[in-house]
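Each chain is listed here by its residues.
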Amino acid sequence: MTDRVGFVGLGIMGRGMAGNVHKAGFELGVYNRTREKAERFAEEHPGVLVAESLSALAAKSDCVVLCVSDTPDVEEVLFGERGIADGAAPGLLVIDCSTISPTETREFALRLGQRGVSMLDAPVSGGSEGAANATLSIMVGGEASAFERARPVLASMGRTITRVGPIGAGQTVKLVNQILVVGSMIAMAEALLFAQAGGLDLEKTLAAVSGGAAGSWTLSNRGPQVIRRDWRPGFTIDLQQKDLRLALQAGDQLGVPMQVCSTAFHYYRAVQERGGGSEGNHAIIKALEYLSGIQVGIPAEGKRRESDERTQH
């Protein structure tokens, strides 16, 4: 049974996911490193309990869902002082929806298994919109029996739920997802910058290409934001960089060329260095703007005049 669910991490993704778990009727307890976020969440969702510690949350839960930033954060949540492991009774199920190292995921599962605790790695894709609307794609690694036990909880958060293999496979598939995401981000950025330089109406251009072979989730959901210069994050550049580091490390271990990921990493670093790490990952276009001197949203003819004036001086 997984009637009592604990949820750790109420950030951009976690708060929407936890809200949908509660909406589905599970008895929900929450914990967040910044307690004010947890208390505010409980005020917005009557009946949710705020745990005093991670160990207390584990002791009162049949299943605990994690949605935190990076591999060290997951390790601290699980095995730190007063962590999940300290309060876990045999039979607890841990579902890690963070994106972390596949290798470390397998190690964490072994350590939890020694305490009679099962673990699934279940990273998600779909941005803050998918988290809020319970339409996430969830890629799950772990034992089939644990997956079936977790299915009702996962179904409250996502629409496409796939067991992709043993523990660690979920994280590896998520890195496949992120490789595809950054490739589409670079393509979108180059295409919109090209359209801008060509003097096109960007909204009409986007409408013309989105329904054809070039259409994608990235183009439909992030393209309009780029055109409006709306950098609010569905997923931040800082988090995207963390995922790219994981992908590049795994690619190195596997001997796989990762040119697109490497290019994206350096583009994102350029934006980070100018203070853009908390912006949405579609702000990768700013790196191309820095290189070209063209800015999306400024008429191309006007930009050329500015460039000509600088040249004359």
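Residues numbered from 1 in each chain as written. Predicted model: local features only at pLDDT ≥ 70, side-chain atom pairs only at ≥ 80, totals over all residues. Heavy atoms only, no water.

Attention now goes to helix H8 (residues 144–155). With twelve residues, H8 should reach 16 Å at 1.5 Å per residue; the first-to-last C-alpha distance of 16 Å fits that figure. Turning to H8, its buried residues number three or more, namely Ala 146, Phe 147, Ala 150, Val 153 and Leu 154. Buried residues of H8 fall within an arc of 110° about the axis and therefore sit on the same side. (Helix = DSSP H or I, 4+ residues; strand = E, 2+ residues; numbered from the N terminus. Expected span 1.5 Å × (residues − 1). Buried < 20%, exposed > 50% of the residue type's maximum accessible area, 1.4 Å probe, protein only. Arc of directions from axis to C-beta.)

Residues Arg 15, Arg 33, Lys 37 and Arg 40 make up a contiguous surface patch of positive charge. In this structure, Arg 15 sits in helix H1 (residues 14–23). (Patch = residues over 30% accessible without salt bridge, like charges linked within 9 Å, V, L, I, M, F, W, Y side chains within 5 Å. Areas by Shrake-Rupley, 256 points an atom, 1.4 Å probe, with all protein chains shown as cover. Salt bridge = Lys/Arg side-chain N within 4 Å of Asp/Glu carboxyl O. Lys, Arg positive; Asp, Glu negative; His and termini not counted. Charge placed at Lys NZ, Arg CZ, Asp CG, Glu CD.)

In this structure, the largest pocket spans a volume of roughly 1200 Å³. Going through the elements one at a time, helix H4 (71–79), strand E7 (124–125), strand E8 (136–141), helix H9 (169–197), helix H11 (217–228) and helix H12 (237–254) are the ones with two or more residues in the lining of the largest pocket. With seven residues, H9 is the largest single contributor of residues to the lining of the largest pocket. For the lining of the largest pocket, the class distribution of residues is 18 nonpolar, 22 polar and eight charged. Taken together, the elements giving at least two residues each to the lining of the second largest pocket come down to helix H6 (102–113), H9 and H12. By residue number, the principal contributor to the lining of the second largest pocket is H12, which donates seven residues. (1 Å grid on protein atoms, 1.4 Å probe; cavity = no way out; pocket = protein on both sides within 12 Å on 5 of 7 lines; lining within 4 Å. Points joined across faces, edges and corners; volume = space filled by probe spheres on them. Nonpolar A, V, L, I, M, F, W, Y, C, P; charged D, E, K, R; others polar.)

Further remarks concern the pairing of strand E5 (residues 93–96). The side-chain alternation of E5 yields two buried faces, one formed by Leu 93 and Ile 95 and the other by Val 94 and Asp 96. Strand direction decides the pairing type here: strand E4 (residues 63–66) and E5, joined by four bridges, are parallel. In the sheet register, Cys 63 faces E5, and the bridge partner there is Leu 93. Note: E5 against strand E6 (residues 118–121), four bridges, orientation parallel. Counterpart to Val 94 in the pairing with E6 is Met 119. (Pairing = 2+ DSSP bridges.)

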